[in-house]
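Chain by chain, the residues:
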Amino acid sequence: MEIALVEPDSERLDARPAARSIPIEDLLRELASGKIRIPPFQRPLRWQDDDRVQLLDSIYRGFPVGTFLFWQREAEAQALRIGRLEIDASARSDAFWVVDGQQRLVTLADTLLAEPLGKVLHFDLEEKRFAYGTNTKLAPPRWLPVAELSTTSRLLHWARLHLDSQPEFLDTAFDLGKRLREYQIPAYVVEANDEAVVRQIFDRVNSTGKPLSGAEVFDALHTGKPYGKSGSRATSLRDISESLRDIGFGPLEAEDVLLALLAVRGKDPARGYRQIRREDASEALQETERALRRVLGFLRESARIPHRALLPYQQPLTPLALFFHRHPEPNARCLTLLTRWLWRGSILGAFRGDTLALRRMLSAIVPEDPDRSAHNLLLEVSGTKPATLSIRPFNLGHARSKLQLTALAAREPRLFIQESDPENAKPDDTVLDLATLCEQRGGPAVRLVPPGDTVEADGLAARILHPPRSWRVLHELISMADDRTLKSHLISGAARDALGRADVVEFLMLRGADLQLYVEDFFQEMAAWNPADRDRPSLDSLVLADEE
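Residues numbered from 1 in each chain as written. Predicted model: local features only at pLDDT ≥ 70, side-chain atom pairs only at ≥ 80, totals over all residues. Heavy atoms only, no water.

(A) Region of the structure containing the overall build of the protein. The number of helices and strands found in the protein is 21 helices and 12 strands. Once local pairs closer than 6 in sequence are excluded, the contacts in the protein between residues at least 24 apart make up 69%. For the protein, the accessible area works out to roughly 28,900 Å², and carbon and sulfur atoms hold 49% of it. (Helix = DSSP H or I, 4+ residues; strand = E, 2+ residues; numbered from the N terminus. Contact = heavy atoms within 4.5 Å. Areas by Shrake-Rupley, 256 points an atom, 1.4 Å probe, with all protein chains shown as cover.)

What follows is the structure in structure tokens.
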């Protein structure tokens, strides 16, 4: 068995990389002198303000901030730009080209060396925290611009101008400067003549390993129980996912639970787990579990989606969690409008993960008014009904195909009975268990016919909700099935006869025509695009609003 993933003639380094620790004040001198360069194969900058604040705060607290990896080689004279720092760098033989650590170095250059522009990173000497603020003389005197910490002389000059009347902050300011300048970052220096070797090192440093997800970090930091056994109360995101299994909807991803938790706590899901304080985590988990339990109940009972495997998009889970947290017992009209919102948005492709769209949906859910909230959500997916809702081609990875299988699941499909099967079910106990079916390997839909040259062979007509059987066995079972079982799978007598004659094309055309009409009718029932079905809130809420 061949498992080698590395080319046998891969180059090796003649000498192991030299390990050293570099104080930040030395890094700043080398940045300012042009010794540190950015090679052309580096990635674009991706860090945001929150990332820069986290780096400076970690340095202040003495936390590890990772390791630098430099490639030492010659560099020609050039006008150099590192972040906003512009340097007229001279040629040198000992330049440090950044292999790993570009984002951290650019942050140090921008905050400690570059001229202030727009927002400026400050340190609040009273609250002892970093924050971005505008570069204005109106900033409070206790706000120390981080750039003033680059040298002792700059800090002294700033302190004379700003802290004469606030001497109680002097010790904090000089302690901060000392901590930042003397903080040492581990670094490896590679000496190699062949750029291909360094590119290979860069590729492995930036692609090897699997980073922790936001949900994994949340559980590790806030619960102290990453993936333990569930107790009487959920103590982690994974606990919530496991506890909801009794609903029969299937397991939720921990990341989806985290997004729901952030929404329930009134946070921006796009900004991640750092918005939740450890002391608030336990209460947030309990609230999220209660909200998601109501969400899954709504999906199964009102929206008629039997299992997570058939949920067309994951995004609606987040606004639904906020809705049922704020409005745990909405009236029937609210549930109807939410169902229309879910189905219309899924049919129109409105839930594809757009962050701005998610923020609008969360803003649409107002406190103490479930009717208005449901109506606002429905307005977010306004659009006309598609002219056609084709059942071809079929792909379980696509939202449309999941919705089509949901329509088939609503018919309560029955098991085809084989008399010779020793595990033959009783005649009155043949309705399929959709949860088990959705969690089977390969998904809930199996092929009725082999792939063929006709487009129908790649459509919904060639699939059936059923435990795995070969298509030949299924043909035999269909020929012996009673009308009730055939009807549950939308197979007419004429279609069964065509299959009995081995006329697969005729079978697919007959069943496809019936499926097309049924799916369109079912989609219309759930999305309710008819003008007669006005998308108004409940009459009670309208009367109350009029009285107010």
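Now that the structure has been shown, we can carry on.
(B) Main features of the environment of alanine 75. Among the structural elements, alanine 75 can be located in strand E3 (residues 68–75). For the pair alanine 75 and tryptophan 97, spaced 22 residues apart in sequence, the C-alpha to C-alpha distance is 8.8 Å. Discounting residues that sit within four places of it in the chain, alanine 75 has contacts with Arg37, Ala91, Arg92, Ala95 and Trp97.

(C) The arrangement of helix H20 (residues 504–527) in detail. The end-to-end C-alpha distance of H20, which contains 24 residues, comes to 33 Å, matching closely the 34 Å that a straight helix rising 1.5 Å per residue would cover. Directly beyond the C-terminal end of H20, a positive phi value near 50 degrees is found at alanine 528. (Expected span 1.5 Å × (residues − 1).)

(D) Local environment of the layout of surface pockets. If you add up the space inside the largest pocket, you get close to 1,200 Å³. Among the secondary structure elements, those contributing two or more residues to the lining of the largest pocket are helix H2 (49–61) and strand E8 (129–134). Among the elements that make up the lining of the largest pocket, the one with the highest residue count is H2 (eight residues). Per-class residue counts for the lining of the largest pocket are nine nonpolar, five polar and 11 charged. (1 Å grid on protein atoms, 1.4 Å probe; cavity = no way out; pocket = protein on both sides within 12 Å on 5 of 7 lines; lining within 4 Å. Points joined across faces, edges and corners; volume = space filled by probe spheres on them. Nonpolar A, V, L, I, M, F, W, Y, C, P; charged D, E, K, R; others polar.)

(E) Representation of the side chain of aspartate 110 within the structure. Residue position: aspartate 110 is located in helix H3 (residues 102–112). Buried and unpaired, aspartate 110 has arginine 84 as its nearest opposite-charge partner, separated by 4.2 Å. Side-chain polar atoms of aspartate 110 contact the backbone nitrogen of arginine 84, separated by 2.6 Å. Excluding anything up to four places from it in sequence, aspartate 110 contacts Ile82, Gly83, Arg84 and Leu85. (Buried < 20%, exposed > 50% of the residue type's maximum accessible area, 1.4 Å probe, protein only. Lys, Arg positive; Asp, Glu negative; His and termini not counted. Salt bridge = Lys/Arg side-chain N within 4 Å of Asp/Glu carboxyl O. Polar contact = N/O pair within 3.5 Å; in protein donor to acceptor, adjacent residues only side chain to side chain.)

(F) Seen up close, the pairing of strand E5 (residues 85–89). On E5, burial follows the alternation: Leu85, Ile87 and Ala89 on one face are buried, whereas Glu86 and Asp88 on the facing-out side are not. Summarising the sheet, strand E4 (residues 78–82) and E5 pair through five bridges and their orientation is antiparallel. What sits directly across from alanine 79, in E5, is aspartate 88. (Pairing = 2+ DSSP bridges.)

(G) The packing of helix H15 (residues 399–409) against H20, seen in detail. One way to put it is that H15 packs onto H20 with a least axis distance of 10 Å and a crossing angle of 95 degrees. Judged by the angle between their axes, H15 and H20 are roughly perpendicular. Across the interface between the two elements, Arg400, Leu403, Gln404, Thr406, Ala407 and Leu408 from H15 touch Leu515, Tyr518, Val519, Phe522 and Phe523 from H20. Among the residues making up the contact of H15 with H20, the classes are represented as eight nonpolar, two polar and one charged. (Axes fitted to C-alpha atoms, helices over the stretch in contact; angles between N-to-C directions. Parallel < 35°, antiparallel > 145°, perpendicular 65-115°, else oblique.)

(H) Just empty space enclosed by the protein, in detail. Scanning the entire structure with this criterion turns up one cavity of 30 Å³ or more. Put simply, the largest cavity is a space of about 40 Å³. In this structure, the largest cavity is lined by Leu408, Pro413, Ile464, Leu465, Ser488, His489 and Arg511. Class assignment of the residues belonging to the lining of the largest cavity gives a composition of four nonpolar, two polar and one charged.

(I) Looking closely at the environment of arginine 29. Mapped onto the fold, arginine 29 is located in helix H1 (residues 24–33). Classification of arginine 29 as exposed rests on a relative accessible area of 52%. Along the sequence, arginine 29 and leucine 113 sit 84 residues apart, while their C-alpha atoms lie 9.6 Å from each other.

(J) Fine view of the side chain of threonine 406. By the secondary structure assignment, threonine 406 is in helix H15. Its relative accessible area of 0% is what places threonine 406 among the buried residues. Leaving out residues up to four positions away in the same chain, threonine 406 has contacts with Arg304, Ile305, Pro306, Leu310, Trp343 and Phe522.

(K) Representation of the pattern of salt bridges in the model. Enumeration according to the criterion identifies 28 salt bridges in this entry. Residue glutamate 126 is joined to arginine 142 by a salt bridge in which the shortest nitrogen-to-oxygen separation is 3.2 Å. Placement of the pair is glutamate 126 in the loop between strand E7 (119–124) and E8 and arginine 142 in the loop between E8 and strand E9 (143–145), with a sequence separation of 16 residues. The shortest N-O distance in the salt bridge between arginine 277 and aspartate 280 comes to 3.0 Å. What emerges from the salt-bridge pattern is a single network uniting Lys35, Arg92 and Asp94.

(L) Local environment of the packing of aromatic side chains. Counted under the stated rule, the structure contains 12 aromatic pairs. Between tyrosine 313 and phenylalanine 351, the aromatic rings sit 6.3 Å apart at their centres with planes inclined by 75 degrees, giving edge-to-face as the arrangement. One end of the pair, tyrosine 313, is in the loop between helix H10 (278–301) and helix H11 (317–326); the other, phenylalanine 351, is in the loop between helix H12 (332–348) and helix H13 (355–364), and 38 residues separate them in sequence. A relative accessible area of 15% places tyrosine 313 in the buried class. Pairing tyrosine 518 with phenylalanine 522 gives two aromatic rings, centres 6.1 Å apart and planes at 35 degrees, and the pair type is tilted. Placement of the pair is tyrosine 518 and phenylalanine 522 together in helix H20, with a separation of four residues, close to one helical turn. Of the two residues, tyrosine 518 and phenylalanine 522, both sit in the buried class. Taken together through their ring pairs, the aromatic side chains of Trp343, Tyr518, Phe522 and Phe523 make up a single cluster. The ring of tyrosine 60 carries arginine 179 above its face, with NZ or CZ at 5.5 Å from the centroid. Lying over the aromatic face of tyrosine 518, arginine 411 brings its terminal NZ or CZ to 4.8 Å of the ring centre. (Phe/Tyr/Trp six-rings, centres within 6.5 Å; stacked < 30°, edge-to-face > 60°. Lys NZ or Arg CZ within 6 Å of the ring centre and 35° of its normal.)

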